[in-house]
Amino acid sequence: MNSAIEVSNLSFRYAGAELWALQDVSFSIGEGEFVVFAGATGCGKSTLFKCLVGLIPQMYSGEYSGRVLVKGLDPSKTPVSKMAQRVGLVFQNPDSQLFALTVENDVTFALENLGLEKSEIERRVSKAFKIMGIDDLRNRSPFELSGGQKQRVAIASILALEPEILILDEPTSSLDGLTAKKLLEELAEIRRRERITVLVSEHRLDLVVRDATRLIVMDEGRILADGEPREVVCKMLKEHYEKLELPKLSRLAWALKLCDGWSAPLTREEFIARLLGGRR
Amino acid sequence: MSLSLLQALKYRSLDTPIHRLDPRVKLLASFSFLVTALVFGDYWGGMLTVATTIILTQLTILELAKSARYLLTTIKGATPLVALVFILSLLGILDSPLQTLEILYRASASSVRFLAFLTSFNLFFLTTSPDEFGQLLLKLKIPYVYTFTFVAAVRLAPVIADEAQEIIDAQRSRGVEFERGNPVKRVRALVGIFIPLLINSLRRAYEMAEALEVKCFGASERRTSYREIRASKRDVLASIITISSLALALLARGLGLFSGLP
Amino acid sequence: MIELDSVWFSYPTGTAALRGVSLFFRCGEIVALMGENGAGKTTLLKHLNGLLKPTKGRVTVDGIDTRTTTVATLSKKVGLVFQNPDNMFLRTSVLEEVSYALEQFGAEREEARRRAGEVLKAFELWHYRDSSPFTLSGGEKKKLAISIVMAWMPKYIAIDEPTSGLDGWGKRVLAELLLNLKNSERGIILSSHDVEFVSDVATRVVLLRKGEVISDGAPEDVLTEPELLSEASLLTPQIPSLLYELRSRGLRMLNHKLLKLEEAVETLSKLLSWAGHTGEDDS
Ligand SMILES: Nc1ncnc2c1ncn2[C@@H]1O[C@H](COP(=O)(O)OP(=O)(O)OP(=O)(O)O)[C@@H](O)[C@H]1O
Ligand SMILES: Nc1ncnc2c1ncn2[C@@H]1O[C@H](COP(=O)(O)OP(=O)(O)OP(=O)(O)O)[C@@H](O)[C@H]1O
Ligand SMILES: [Mg+2]
Ligand SMILES: [Mg+2]
């Protein structure tokens, strides 16, 4: 498998901060993987994502060391706007990402910057609008929307870029349940269809982890666990790691001793299979 | 005062025939108002008549754009300035051997002309969105970076206005009284929003710079426009009307047709 | 008691965000407002401390019409945590941020700082007391926003999306704080999409859709109805969803109106031991 992202010994400390936000982080992600980053508040997820597109160290001052390669490019040296053509990042706070006067313009802006033809812009915009269900907001001002509506627009504007690597920082934090589910299914679908690489950070694992190929748990700027989601969840249950919110079903399975020592069920179907089959 | 003046110039997204006109036509119209007010500069050469006509014409057009009241707000906001012009012109001609009536006429004519002057671009600003304005600048072959800087500044304005409202709400929700109490206290409360507003505006500007980067700003040499402005038949018609009115005005002025008129 | 009496509200842009909402919130309750993005939750919460006033209808807090008083006065009684924490921050340090409101409400400076320190420690933010609020991570900002309001202990606390950005540990701390507040007879009103958190803490759930109340009842009744929930664009919590599915596969004796993990553990272990017995009998 070719690797899409190579991170070796990456450390970063924000200027003026006492603690290191990232400490000696190393991992590599192959093309077409769907990786979920989880971990307690302040463990460094957003910092890591900013490093992957080059916002860190280019727009944040601090101490930076280590080596990062994303699609063969070094984000600490390549202009962010060039990185962004290949690596789309949705910010954690949608308010910081929106600035156009209309929702439509917020989504077309990046596409215009790429110099795309009108018909191509039209195609991408309507697709992204459909996925996020925001057709009726098209001519509204992004500042006059509800929190979740803003988040939908922010995600749509990056989906429309159709990047090779898609990074979403807590994309479902303000979305209603059905929209969150639809987004995650859509991500899984475009990953399968177009072989793009998807990185998502989340606190609520129940929704996101079912389609993920890999779960990375971070803790105080380091990687604590990395592997197949069912196995990592089981490991966290075994170690009574309290900082994460593990899916209730996995916890239920643990309490009922339905985990087979190394892997925990994540979805309802997996749970039922173990309940009705495994135990007897 | 200054705040209401700016408020009155703020673009409001409405859907009227005037708003739909090509911004170039509106720029031309506003420009014509300015030029006409400029060339009719002689007392008793139609100065008052022309200036009044300009203001009334603009009011009529803005009425079609459902925005006439914003022009009135500007006029109201500009009263102190206009009064100043009036007084200054009075002072300037007071010791001349003119009759009182003549002096009063001249001072009023100058003031109204000044007002026509001042408001000439209201039509353009009130009905052209910053994005259209940006595209207009592009059509006028101004490099994208400058255009963008301008548009970004204009875009930041509503963000900051929004931010100011949020700060006031945050303070009120934590017991800072804005709605009641003596004027001194209220002014103190208002002053209290400035520092957070300054900090937050800088932060927002910074966030916007980050957002621009991840939205590939400047990534390609050749930028395209999704909603390109394109002149329609109506626009052509509107420009013909504007240009001929301007030409007629210039002709009238050149031939001295209005001489003797107030 | 906070009472909304056929409240209508439209934004200046013309969007009708609330359409005839009648509700009451009592002390000793934890009410969760839930519903689709844009359903009107934030708009409703902003009515509780008077930031927004109804276009039509009336909101009263302990009998006082919000139109007859000021936000500053009301806020002492009704604390509101905004959906986006960034919009709450006014000061240059985390500690100041929390003590600021306490001082506004009349506490002495030293007392305010002491109290602020306590709240910050509860949320493990003490370490950041001298940092600028804007340099915190997303979840830390959310915790700070909640701490600000918890500090002055208002009689009613309204929190817009309390769990967005919080980790598992933060949610447990918050749940405990909320339950304590409820037991000390305060009224808590939340807006949330987090069905799991709401299952754990709420005493009442109100579903909103397009500015109208479509359901109002006990969590066991509302959060266990998949069809009703999907009308409000919500997903069914994991446990009732599992029990529901098991029932539809023939285990009809299961009660699907359970929300809590412990209850599910109990029910299912009974099922398993019973199945274990019959399994042994078979062999
Ligand atoms: N701009 C900044 N300046 C200084 N310190 C910062 C800044 N941004 C984040 N930090 C600190 O760096 C650490 C990591 O923050 P980061 O935002 O990466 O966490 P996170 O994992 O994304 O958390 P969350 O889940 O809460 O969003 C935190 O301790 C935070 O306080
Ligand atoms: N400042 C505003 N100006 C105009 N319309 C607004 C404004 N804020 C919200 N709206 C609109 O009012 C409606 C209700 O919004 P509200 O913020 O109350 O929704 P919400 O239930 O909190 O949604 P979310 O779950 O996304 O936070 C939405 O249609 C929204 O677009
Ligand atoms: Mg983060
Ligand atoms: Mg909301």
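Definitions and cut-offs
Residues numbered from 1 in each chain as written. Chains lettered and ligands numbered in written order. Predicted model: local features only at pLDDT ≥ 70, side-chain atom pairs only at ≥ 80, totals over all residues. Heavy atoms only, no water. Helix = DSSP H or I, 4+ residues; strand = E, 2+ residues; numbered from the N terminus. Contact = heavy atoms within 4.5 Å. Areas by Shrake-Rupley, 256 points an atom, 1.4 Å probe, with all protein chains shown as cover. Lys, Arg positive; Asp, Glu negative; His and termini not counted. Charge placed at Lys NZ, Arg CZ, Asp CG, Glu CD. Patch = residues over 30% accessible without salt bridge, like charges linked within 9 Å, V, L, I, M, F, W, Y side chains within 5 Å. Salt bridge = Lys/Arg side-chain N within 4 Å of Asp/Glu carboxyl O. Buried < 20%, exposed > 50% of the residue type's maximum accessible area, 1.4 Å probe, protein only. Pairing = 2+ DSSP bridges. 1 Å grid on protein atoms, 1.4 Å probe; cavity = no way out; pocket = protein on both sides within 12 Å on 5 of 7 lines; lining within 4 Å. Points joined across faces, edges and corners; volume = space filled by probe spheres on them. Nonpolar A, V, L, I, M, F, W, Y, C, P; charged D, E, K, R; others polar. Near = heavy atom within 4 Å. Polar contact = N/O pair within 3.5 Å; in protein donor to acceptor, adjacent residues only side chain to side chain. Core = buried A, V, L, I, M, F, W, Y, C linked by side-chain atoms within 4.5 Å. Domains from an automatic or database assignment. Buried area = accessible area lost by both parts, 1.4 Å probe. pLDDT = per-residue confidence, 0-100. Donors = N, O, S within 2.8 Å, 3.2 Å for Na, K, Ca; no water. Axes fitted to C-alpha atoms, helices over the stretch in contact; angles between N-to-C directions. Left-handed = near helix turned anticlockwise from the far one by under 90°.

For chain C, the helix and strand inventory stands at 11 helices and 10 strands. With respect to the principal axes defined by its C-alpha atoms, chain C has extents near 75 × 45 × 30 Å. In chain C, of all internal contacts separated by at least 6 residues, the share reaching a separation of at least 24 is 61%. Per element, the accessible surface of chain C, about 10800 Å² overall, is 49% carbon and sulfur. For chain C, the centre of its 34 positive side-chain charges and the centre of its 39 negative side-chain charges are spaced 6 Å apart.

Moving on, we get to a nonpolar patch on the surface. All names here are of chain B. A cluster of nonpolar side chains, contributed by Leu38, Leu81, Leu84, Ile87, Leu88, Leu91, Leu94, Phe117 and Leu118, occupies part of the molecular surface with about 810 Å² of accessible area. Taken together, the elements giving at least two residues each to the nonpolar patch come down to α5 (68-94) and α6 (100-119). A total of 6 residues in the nonpolar patch trace back to one element, the largest contributor, which is α5. Residue position: Leu81 is located in helix α5.

Residues and elements named next belong to chain A. The buried count for strand β8 (residues 214-219) comes to 6 of 6 residues, which makes it a mostly enclosed element. Of the two faces of β8, the one holding Arg214, Ile216 and Met218 and the one holding Leu215, Val217 and Asp219 are both buried throughout. Of the pairings in the sheet, the one linking strand β3 (residues 34-39) to β8 comprises 5 bridges and is parallel in character. Note that in β8 the partner of Phe37 across the bridge is Ile216. Bridge count between β8 and strand β9 (residues 222-227): 5 bridges; the pairing is antiparallel. In the strand pairing of β9, Met218 is matched with Ile223. Counting the residues between successive antiparallel strands, the hairpin from β8 to β9 contains 2 residues, one of them, Glu220, with a positive phi of roughly 45°.

With that settled, consider the layout of surface pockets. Residue and element names in this part refer to chain B. Counted as a void, the second largest pocket has a volume near 640 Å³. Those elements giving two or more residues to the lining of the second largest pocket turn out to be α3 (23-39), α4 (47-64) and α12 (233-255). Within the lining of the second largest pocket, the residues separate by chemical class into 18 nonpolar, 6 polar and 2 charged.

A few words on the site of ligand 1. Close to ligand 1 lie 20 residues, the nearest being Lys45, Ser46 and Thr47 of chain A together with Ser137 and Gly139 of chain C. Residues lining ligand 1 come from chains A and C. Between ligand 1 and Tyr128 of chain C there is a distance of 2.8 Å, counted from an oxygen atom to a side-chain nitrogen or oxygen. Within the backbone of Thr135 of chain C, one N or O atom sits 3.1 Å away from a nitrogen atom of ligand 1.

What follows concerns the nonpolar core. In terms of nonpolar packing, the biggest core is built from 84 residues, with Leu187 and Phe271 of chain A touching the most fellow members. Setting aside its immediate chain neighbours within four residues, Leu187 of chain A contacts Phe34, Leu159, Leu166, Leu168, Val198 and Val200 of chain A. Among the nonpolar cores identified, the runner-up in size contains 78 residues, and Ile167 of chain B together with Ala17, Leu23 and Val173 of chain C belong to it.

To continue, consider the domain arrangement of chain B. Residues and elements named next belong to chain B. As far as domains go, chain B holds domain 1 (1-128) and domain 2 (131-227). Relative to domain 2, the C-alpha centre of domain 1 lies at a distance of 29 Å. Of the residues lining the interface, 9 residues belong to domain 1; the matching set on domain 2 comes to 4 residues. Carbon and sulfur atoms supply 76% of the area that domain 1 and domain 2 bury against each other, a total of about 560 Å² over both sides. Our enumeration of links across domain 1 and domain 2 arrives at 0 salt bridges. The interface formed by domain 1 and domain 2 holds 0 residue pairs in polar contact (both at pLDDT 80 or more) in total. When contributions to the side of domain 1 that touches domain 2 are tallied by element, the ones reaching two or more residues are α3 and α7 (122-127). For the side of domain 1 that touches domain 2, a count of residues per class yields 5 nonpolar, 3 polar and 1 charged.

Residues and elements named next belong to chain C. A residue-level look at chain C finds 97% of positions with pLDDT of 70 or above and a mean pLDDT of 92. Every residue in residues 279-283 is under pLDDT 50, and counting partners more than four places away or in other chains gives 1 contact. Here the complex is predicted with pTM 0.85, and the ipTM for its interfaces comes to 0.92.

Here we come to the site of ligand 2. Surveying the vicinity of ligand 2 reveals 22 residues, the closest of which are Arg140, Ser146 and Gly148 of chain A together with Thr42 and Thr43 of chain C. Site remark: ligand 2 is flanked by residues from chains A and C. Take Gln149 of chain A: an N or O atom from its side chain is 2.7 Å from an oxygen atom of ligand 2. In this structure, an oxygen atom belonging to ligand 2 sits 2.6 Å away from a side-chain N or O atom of Thr42 of chain C. Isolated, ligand 2 exposes 640 Å² of accessible area, and the fraction of that covered by the protein chains is 90%. Breaking the shell around ligand 2 down by element, the ones donating at least two residues are α6 (147-159) of chain A together with α1 (41-48) of chain C. Class assignment of the residues belonging to the shell around ligand 2 gives a composition of 4 nonpolar, 13 polar and 5 charged.

Okay, the coordination of the magnesium ion (ligand 3) next. The magnesium ion (ligand 3) binds to the protein through Ser46 of chain A (OG) and Gln92 of chain A (OE1); the donor distances cover 1.9 to 2.2 Å. Here Gln92 of chain A lies in the loop between β5 (87-90) and α4 (103-113) and Ser46 of chain A lies in helix α1 (residues 45-53), a separation of 46 residues in the sequence.

Residues and elements named next belong to chain A. As a packed pair, helix α5 (residues 118-132) and α6 sit with axes 9 Å apart at the nearest point and diverge in direction by 145°. The element α5 and its partner α6 pack so that their crossing is right-handed. Together, Ala128, Ile131 and Met132 of α5 and Arg152, Ile155, Ala156 and Leu159 of α6 make up the contact between the two elements. Residues of the contact of α5 with α6, tallied by class, amount to 6 nonpolar, no polar and 1 charged.

Once that is clear, we can look at the coordination of the magnesium ion (ligand 4). All names here are of chain C. For the magnesium ion (ligand 4), the full set of protein donor atoms is Thr42 (OG1) and Gln83 (OE1), and the range of their distances to it is 1.9 to 2.2 Å. In this pair, Thr42 is assigned in helix α1 and Gln83 in the loop between β6 (78-81) and α3 (94-104), connecting sequence segments 41 residues apart. Classification of Gln83 by relative accessible area gives buried; the value is 17%.

Residues and elements named next belong to chain A. The strand order across the open sheet formed by 6 strands is β5-β6-β7-β3-β8-β9, and the pairing between neighbours is mixed. Single-partner strands in this sheet number two, and they are β5 and β9. With direction set aside, neighbouring strand axes in the sheet form an average angle of 15°. Bridging between β5 and strand β6 (residues 165-169) involves 4 bridges; their strand directions are parallel. Across the sheet, residue Val90 finds its bridge partner in β6, namely Leu168.

Moving on: the interface of chain A and chain B. Each partner contributes residues to the interface: chain A has 38 residues there, and chain B has 30 residues. Between chain A and chain B, the buried area comes to about 3200 Å², and carbon and sulfur atoms account for 56% of it. Summed over the shared surface of chain A and chain B, the result is 1 salt bridge. In this structure, Lys215 of chain B engages Asp106 of chain A in a salt bridge whose closest nitrogen and oxygen atoms are separated by 2.3 Å. Taken together, the elements giving at least two residues each to the side of chain A that touches chain B come down to α3 (80-86), α4, α5 and α6 of chain A. Class assignment of the residues belonging to the side of chain A that touches chain B gives a composition of 19 nonpolar, 9 polar and 10 charged.

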